Structures are given as structure tokens and as C-alpha cells.
Amino acid sequence: MAKDLHELLRSLRVWDPEVTDLPPFDPETAPAEPLSLFTDWFARAVAAGEREPHTMTLSTSDEEGLPDARIVMLHGADADGWAFATHATSRKGRQLAARPYAALTFYWPVLGRQVRVRGPVTSAPSEEAQADLHARSTGALAAALTGRQSEILSSAQDLARASEAAWEHAREHPTAASPTWTLYRLRPDEVEFFQGDARRRHARLRYRRGAGAWDREQLWP
């Protein structure tokens, strides 16, 4: 089995020209702050046909400082920070309560691009979290109402019953509240943009928050 995995790995390519277009990126011409560049790169990823470009890896650490990561959805990015949501009682919610600092990673392989964001995390007011939830789909509300995220599941039947009840409640009460649903905002201390290059001369531009402006520096690939 291990041999099959190694052979499979060797058969794969990174940034296959048939599905990937590596655009030029000159860090010298980048804007003075990272949000506008992120917005531009995000729009280009959507236009290039990237599947689910709004998904990202959220990395946190637990009470002992051990790392953890999972895929979540970006809910927005503005001057207040990059936003995502989950239950405060979930594993990641508990970790953020204990250590309110996190990192986000976006990967858009159709363009050979990555964006890395890290900084302190704060919780938005409850009314903002509920408004964000109600702006999403019925399924999203039903999932939030099902609750108990990250708890031990005794059986699939328990999940099916709780989910069905939550779906029914979400359909009948589209503005139902989910008390533990929390909107988080990561205010970046650092944002890095990575553009892949076919000759492995990758461009890396890092923004670091300064006293009154962003400091920019290029990194070796």
C-alpha cells in the first residue's frame, strides 16, 4: 500500500499547464496595504474558475499550545479583519477562547497562488453573528441549529433525528437564533502573498502591520 501511494504521488504534477495559468506578479507594483491586493486576487481566482475560492484553512492552537487546523468558509474581509463563523462551544471556538490568535491560509491552484493571514481574533457582537447566519442558506441555519459541534456522536440515527428537527425549525423560523453561533474576525498582523513561477522563482510579498502603515518586504521562495 505504501509503495502504491509513493508511485501515485510521483505521478502527480503541481500546476499542470493544462489546468493552471501562472500569471506574472511584480511585488514592486503591489498596493500599500494588503486588503486591496487580497480583494483583487480573490476576484481573479473566481474569474479563473477556482472551485470554492472562499474556503480556507483556519489554524489555531489548543490550551497546551498544540496546533490544530481545519477548512472553514470566509464570510468577509474588510478594515475590521477577515471573518469566519462557528459555534463558540466547538473545538475551534474553545481554542480561540483560550488562545485568541489564529492563521488563515488560502490556496488557489488554478493560478498558483497562496495567501497567508495571521493575527489576533475577536468575537463580533451577537446580533452581527445572527444577522450573518440569517443571510446564509436554510441549510446553514439548520446546521447551526443542530448544534453540538465537536461533541461525541453516539449514532448516525441521533444525528439524523436532530438534523431533521433543525431543518424543520429553520424552514418554519428563518430568523431563529442559534445562541452559540459566533462571528469571529481576525485582524491581521501579517499577510503574505505567494505567486508560483514555472521556473520555481516564486514571488513572495509579506505585509507586516507597523505603527501607522504596513511594512512590505519580499521573501526568498
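Definitions and limits used
Residues numbered from 1 in each chain as written. Predicted model: local features only at pLDDT ≥ 70, side-chain atom pairs only at ≥ 80, totals over all residues. Heavy atoms only, no water. Helix = DSSP H or I, 4+ residues; strand = E, 2+ residues; numbered from the N terminus. Buried < 20%, exposed > 50% of the residue type's maximum accessible area, 1.4 Å probe, protein only. Polar contact = N/O pair within 3.5 Å; in protein donor to acceptor, adjacent residues only side chain to side chain. Contact = heavy atoms within 4.5 Å. Expected span 1.5 Å × (residues − 1). Arc of directions from axis to C-beta. Phe/Tyr/Trp six-rings, centres within 6.5 Å; stacked < 30°, edge-to-face > 60°.

(A) Representation of unusual backbone geometry. Positive phi, close to 80°, is recorded for S150, a residue that is not glycine. On the secondary structure map, S150 appears in the loop between helix 5 (138–146) and helix 6 (156–172). Looking at S150, the relative accessible area reads 45%, which means it is partly exposed.

(B) Broad picture of the side chain of T20. Tracing the sequence through the fold places T20 in the loop between helix 1 (2–11) and helix 2 (34–47). Of note is the side chain of T20, whose polar atom sits 3.2 Å from the backbone oxygen of P109. Setting aside residues no more than four positions away along its own chain, T20 makes contact with W15, P109, V110, L111 and G112.

(C) Representation of helix 2 in the model. In a regular helix each residue adds 1.5 Å, so 14 residues correspond to 20 Å; helix 2 covers 20 Å between its end C-alpha atoms and thus fits that length. Within helix 2, the full set of buried residues consists of P34, L37, F38, W41 and A45. For helix 2, the arc enclosing every buried residue in end-on projection is 100°, short of the 170-degree limit, so these residues lie on one face. Taking the backbone nitrogen of L35 as reference, a side-chain oxygen 2.8 Å away marks E33 as the first, capping residue of helix 2. Among the residues trailing helix 2, G49 stands out with phi positive, at a value near 85°.

(D) Seen up close, the packing of aromatic side chains. On inspection of all chains with the given rule, the structure shows twelve aromatic pairs. Aromatic side chains F193 and Y207 sit 5.8 Å apart centroid to centroid with 75° between the ring planes, which places their arrangement in the edge-to-face category. With F193 in strand 8 (residues 190–195) and Y207 in strand 9 (residues 203–209), this residue pair connects regions lying 14 residues apart in the sequence. Among the residues examined, F193 registers a relative accessible area of 0% and is labelled buried. Judged by its relative accessible area of 0%, Y207 is buried.

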